[in-house]
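Geometric and topological summary
Now for the letters of each chain:
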Amino acid sequence: MHRGKGMKFVGDSRISADRKPNIPKDYSEYPGKTEAFWPNFLLKEWMVGAVFLVGYLCLTIAHPSPLERIADPTDTAYIPLPDWYFLFLYQLLKYTYASGPYNAIGALVIPGLAFGALLLAPFLDRGPERSPAKRPFAVGFMLLAIAGVFYLTWESAAHHDWEASKKQGAIVEGADIDKESDGYKLMDSSGCISCHGAELTGGAGAPSLIDTGLSPEEISKIAVKGQGAMPAGMFKGSDKELATLAEFVSGLSAK
Amino acid sequence: MLTKLYDWVDERLDITPLWRDIADHEVPEHVNPAHHFSAFVYCFGGLTFFITVIQILSGMFLTMYYVPDIKNAWESVYYLQNEVAFGQIVRGMHHWGASLVIVMMFLHTLRVFFQGAYKKPRELNWMVGVLIFFIMLALGLTGYLLPWDMKALFATKVTLTIVESVPLMGPALKTLIAGDPTIVGAQTLTRFFAIHVFFLPAALFALMAAHFLMIRKQGISGPL
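Residues numbered from 1 in each chain as written. Chains lettered and ligands numbered in written order. Predicted model: local features only at pLDDT ≥ 70, side-chain atom pairs only at ≥ 80, totals over all residues. Heavy atoms only, no water.

Take the overall build of chain A next. Along the backbone of chain A there are 10 helices and 1 strand. Helices and strands appear in chain A in the N-to-C order β-α-α-α-α-α-α-α-α-α-α. Taken over C-alpha atoms, the radius of gyration comes to 33 Å for chain A, far larger than the 18 Å a tight globule of 255 residues would show. Each of the three principal axes of chain A carries a C-alpha extent, and together these read 105 × 55 × 35 Å. By the burial criterion, 35% of the 255 residues in chain A qualify as buried. Of the contacts formed within chain A by residues at least 6 apart in sequence, a portion of 52% connects residues at least 24 apart. Taken as two groups, the 24 positive and 28 negative side-chain charges of chain A have centres that lie 17 Å from each other. (Helix = DSSP H or I, 4+ residues; strand = E, 2+ residues; numbered from the N terminus. Rg over C-alpha atoms; globule rule 2.2 N^0.38 Å. Buried < 20%, exposed > 50% of the residue type's maximum accessible area, 1.4 Å probe, protein only. Contact = heavy atoms within 4.5 Å. Lys, Arg positive; Asp, Glu negative; His and termini not counted. Charge placed at Lys NZ, Arg CZ, Asp CG, Glu CD.)

Now the structure itself:
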């Protein structure tokens, strides 16, 4: 390559007028069966990528991504669950010495130590040996950590009621509710909506009140005497108010 | 024709060394699954990158419909899922990709760890990799809120409670990411959206560039 005095440029730019040859490097003298990344190896990598993509798309088609009903901050009975890769951290917070007054241990100290050690691994495991057999402590701690993460994840998933969590989040057909009507105001003041929700679509502990298919008489009976998880004596108004409320609930139908 | 076009650009900009420095490098025998099948463990990093690219592309398409607002976020996701042509596929890829990227990154981390490939002179690249891992977890966490459905809201409330329990700066930290000391609402959604779509990807790109630069500079670790 030409350097210094006498260099020629393209126009008034800083691009050298000497063209560099556009030929691949020669790997024939490299040890073993070394191959060029471009384009030989990249093509093989693309094939792996294509096979992977087919599996990925099959998963996408077989399992449409979930969507629960719209967030309702008033539904306090909802039991949340994080995405599966946070379950081990979530589970950790359920143990006595990692929750309540010891919350800082479960939420910060243990994860902080584990992830801190991961980040600083090169400075903790300083020996020159690379083979796992010759690094018993590094490999041992990592295996222990993996076992811990798997155990906590399993423990969390095994003790979660997946049926109930599917039900509590299901999209319920809503109704056009006139929130200014006497019936709705009565439901509000009687506390019906604290379990059945502001949209009366139900919650974790109570069913939807839309499209019940019940007559006003049946509804007033439930409102007074209770049913299932609903205790008796929830409605405390007059008979006239009870009739208005029952009429209102009976008339709720989906959009 | 293409060669002429290439030469025309190359004469003016000298682009050959630019891409040859990046693309034209060796692939040693011990990492090539074509020669040793067990070398498939070296695929995990590349697959992580592959899924990341899919996440970026599918995410770009999702923002064409998504509205980061408590009234319309859920409606827009519902519409995307049920009405838009291929909306279910695009959202599905983004949803499952978020899980797959964690799996692939976990396997990649284990491969590097058990092979001791993080040792001198590769300490910095390992640390950048672990930071990428944290960014990915944060992307998963912030993305979980965006559909604004029940589990999104209540899981985020749990997260924010944990953030709040950090000694000293907990409440300030919570206010910073939730937009309010007590309310989880409109502000929280727009902040999580901004963090998920702008802040974290920007950090991710910078760290990935550093990750790849370092591996090109040092080369892949040798056989055990």
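Moving on, we get to helix H5 (residues 87–114) of chain B. Residue and element names in this part refer to chain B. Taking 1.5 Å of rise per residue, the 28 residues of H5 would be expected to cover 40 Å, and the 40 Å separating its terminal C-alpha atoms lies within 8% of that figure. Where H5 bends most, at Gly 97, the angle is about 30°. Of the residues one or two after H5, Gly 116 is the one with positive phi, at around 60°. (Expected span 1.5 Å × (residues − 1). Bend = angle between axes of the 7 residues up to and from the residue.)

Looking now at unusual backbone geometry. Trp 38 of chain A connects to Pro 39 of chain A through a cis peptide bond whose omega is -5°. Counting through the fold element by element, Pro 39 of chain A comes out in helix H1 (residues 37–62). Of the consecutive residues Lys 120 of chain B and Pro 121 of chain B, the connecting peptide bond is found in the cis state with omega at 10°. Inspection of the secondary structure puts Pro 121 of chain B in the loop between H5 and helix H6 (123–145).

Next up on the list: the packing of helix H4 (residues 73–82) of chain B against H5 of chain B. All names here are of chain B. Contact geometry for H4 and H5: axes closest at 6 Å, N-to-C directions at 115°. Between H4 and H5, the angle falls in the class roughly perpendicular. Residues Val 77, Leu 80 and Gln 81 of H4 pack against Gly 87, Gln 88 and Arg 91 of H5. Here the residues of the contact of H4 with H5 sort into 2 nonpolar, 3 polar and 1 charged. (Axes fitted to C-alpha atoms, helices over the stretch in contact; angles between N-to-C directions. Parallel < 35°, antiparallel > 145°, perpendicular 65-115°, else oblique. Nonpolar A, V, L, I, M, F, W, Y, C, P; charged D, E, K, R; others polar.)

A few words now on the pattern of salt bridges. The tally for this structure, following the rule as stated, stands at 10 salt bridges over all chains. Ionic pairing is found between Asp 10 of chain B and Arg 19 of chain A, a salt bridge with its closest N-O pair at 2.6 Å. One end of the pair, Asp 10 of chain B, is in helix H1 (residues 2–13); the other, Arg 19 of chain A, is in the segment before strand E1 (35–36), on a second chain. Classification of Asp 10 of chain B as buried rests on a relative accessible area of 3%. Where Arg 69 of chain A meets Asp 75 of chain A, a salt bridge forms, and the shortest distance between an N and an O atom there is 2.9 Å. Note on Arg 69 of chain A: relative accessible area 8%, which makes it buried. A residue is classified by how much of its surface remains accessible, and Asp 75 of chain A, at 8% relative accessible area, is buried. One continuous salt-bridge network, built from bridges that share partners, spans Arg 19 of chain A together with Asp 7 and Asp 10 of chain B. (Salt bridge = Lys/Arg side-chain N within 4 Å of Asp/Glu carboxyl O.)

Everything listed here is a matter of coordinates, which is why it stays silent on function.
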